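# Examining the three-dimensional arrangement
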Amino acid sequence: MTLSWLSGAPALCHNWGMDAVSQAPSQVSIPEGLPFWLLWVLLCVILLLVAFIFLRDKDLRRRISAFLSGARRHMARLRLQVKLRKEREKKIALWRELGKLAWNEDVRAPCIDAECVKLSDLDDEIGRHQKTWHDVYSRIEVLGREHDAALTRYRSLVAEQEEARRPHQEEMLALANRKKELLEALESSLREAEASEAQLASVEKEIRQIEDNPKLAEADRKARSDRVREKASSLSALVRDLRDKTPRLQDERYRLDRRLEEVEGRVRVFNAAIHRIEGEYRERLQAREKEIREWQKAKDHTQDKIVDVKRLMEPLFESVGRILDEARIGPEALAVLYFQIDGVNRTIAELETRLERLK
């Protein structure tokens, strides 16, 4: 009995071990991480510590405030500098406008005599260029009218020749179609005549065979021979008609050929006239178009010169406006611009003052 219990003990131990192993994973617990709310608590604590340090450290607060204030002052200076630049450009534009208005109003003063002399020379140069421009423009208009007239004349001459050529072209087309029909009829007649002749030869051969056949009775031979001879007679008549028809068709074809050649000659005459007109006017029109293009280039070149001279007058107008702004002379027409310049000067002074404060 003891031996039996001992012999069963290893098996029991083995079973118990397997159960323990199978149950072990279900009994082991995996440790969890920190709670999410605890992370926020720690973050809030850190922020509170930083705020506490910031409130206690006056030097740190001063440095941070100075840094932020410097950035704001720098941005403010940049904005003011942009506004100041625009106002100065506006003032220069007003000077230029003042100089132009004074020149148009014929304002004269010793302080602007030198500029006025230069402006007068440039204005005279512009006048010469404008006269040249108008002369060139007038020449272009004349050439354009001549070109249009020549083009109209060319088209009219070509249209006249085409109108005179039209009935001959129509007749030539009708003759060509009739010739085509005659050739088809002639070819058909020849084919039919050849076929009829072949049939006639076959019938004549059949007649000879009937007459030479000793097996046929005389009455039968005569009856069959008469029928075949009648057929041969009709074929002979058809061949004669076809042979008579062929010469007539040939004669009509020859007449058509002569007439067609005559009409084609007339059409060639009109075509040659049209070709001659086209060649003559093509050269004339091309030469006129080339001349117009050259004059157009001269006009554009003169216009560029006028623009260049006007560009040279701009700094002189600005100089005159600056001098007149300092002297404040001239008619009442300049008072409005003086008032606008004063407004710009006040704006510039205000912006400069604000910039000085931000240094």
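Residues numbered from 1 in each chain as written. Predicted model: local features only at pLDDT ≥ 70, side-chain atom pairs only at ≥ 80, totals over all residues. Heavy atoms only, no water.

### Things to note about unusual backbone geometry
Worth spelling out the cut-off: Labels follow the DSSP assignment, with helices taken as runs of H or I lasting at least four residues and strands as runs of E lasting at least two, numbered in each case from the N terminus. Burial here depends on accessible area, computed with a 1.4 Å probe over protein chains only, as a share of the maximum for the residue type. Under 20% is buried, over 50% is exposed, and the range in between is partly exposed.
Residues other than glycine seldom take positive phi values, yet D106 does so here, at roughly 60°. Among the secondary structure elements, D106 is positioned in the loop between helix 3 (58–104) and helix 4 (113–211). At R328, a residue that is not glycine, the phi angle is positive and equals roughly 55°. Assessed through its relative accessible area of 34%, R328 is described here as partly exposed.

### Observations regarding empty space enclosed by the protein
How we decide: For cavity detection a 1 Å grid was placed over the protein atoms alone, and a set of points counts as a cavity when a 1.4 Å probe fits there but cannot get out; an open set counts as a pocket when protein lies on both sides within 12 Å along at least five of seven lines, with lining residues being those that have an atom within 4 Å of a point. Grid points are joined across faces, edges and corners, and a volume is the space filled by probe spheres set on the points.
Counted under the stated rule, the structure contains one cavity of 30 Å³ or more. Of the volumes computed, that of the largest cavity is approximately 30 Å³. Looking at the largest cavity, the residues that line it are G99, A102, W103, V107, R108, I112, C116, L119 and V320. For the lining of the largest cavity, the leading source of residues is helix 3, giving three residues.

### Describing the nonpolar core
So the rule is basically this: Each nonpolar core is a collection of buried residues, namely Ala, Val, Leu, Ile, Met, Phe, Trp, Tyr and Cys, held together in the definition by side-chain atoms within 4.5 Å. The contact rule is simple, with two residues in contact once any of their heavy atoms fall within 4.5 Å.
By size, the foremost hydrophobic cluster in this structure holds 32 residues, and its most contacted members are L98, I112, L119, M313, L324 and L334. At the level of elements, helix 3, helix 4, helix 5 (218–327) and helix 6 (335–357) are the ones that each hand at least two residues to this core. Excluding residues that lie within four positions of it along the chain, M313 makes contacts with L119, L122 and I126.

### With respect to a positive patch on the surface
So the rule is basically this: Patch membership needs two things, relative accessible area over 30% and no salt bridge, and members are linked within 9 Å if like-charged or within 5 Å if nonpolar (Val, Leu, Ile, Met, Phe, Trp, Tyr). Note on areas: Shrake-Rupley, 1.4 Å probe, and residue coverage restricted to the protein chains presented here. A pair is scored as a salt bridge if a Lys or Arg side-chain nitrogen falls within 4 Å of a carboxyl oxygen belonging to Asp or Glu. We score Asp and Glu as negative and Lys and Arg as positive, and we do not count His or the chain ends. Note on charges: their place is set at NZ of Lys, CZ of Arg, CG of Asp or CD of Glu.
Residues R79, K83, R354 and R357 make up a contiguous surface patch of positive charge. Those elements that provide at least two residues to the positive patch are helix 3 and helix 6.

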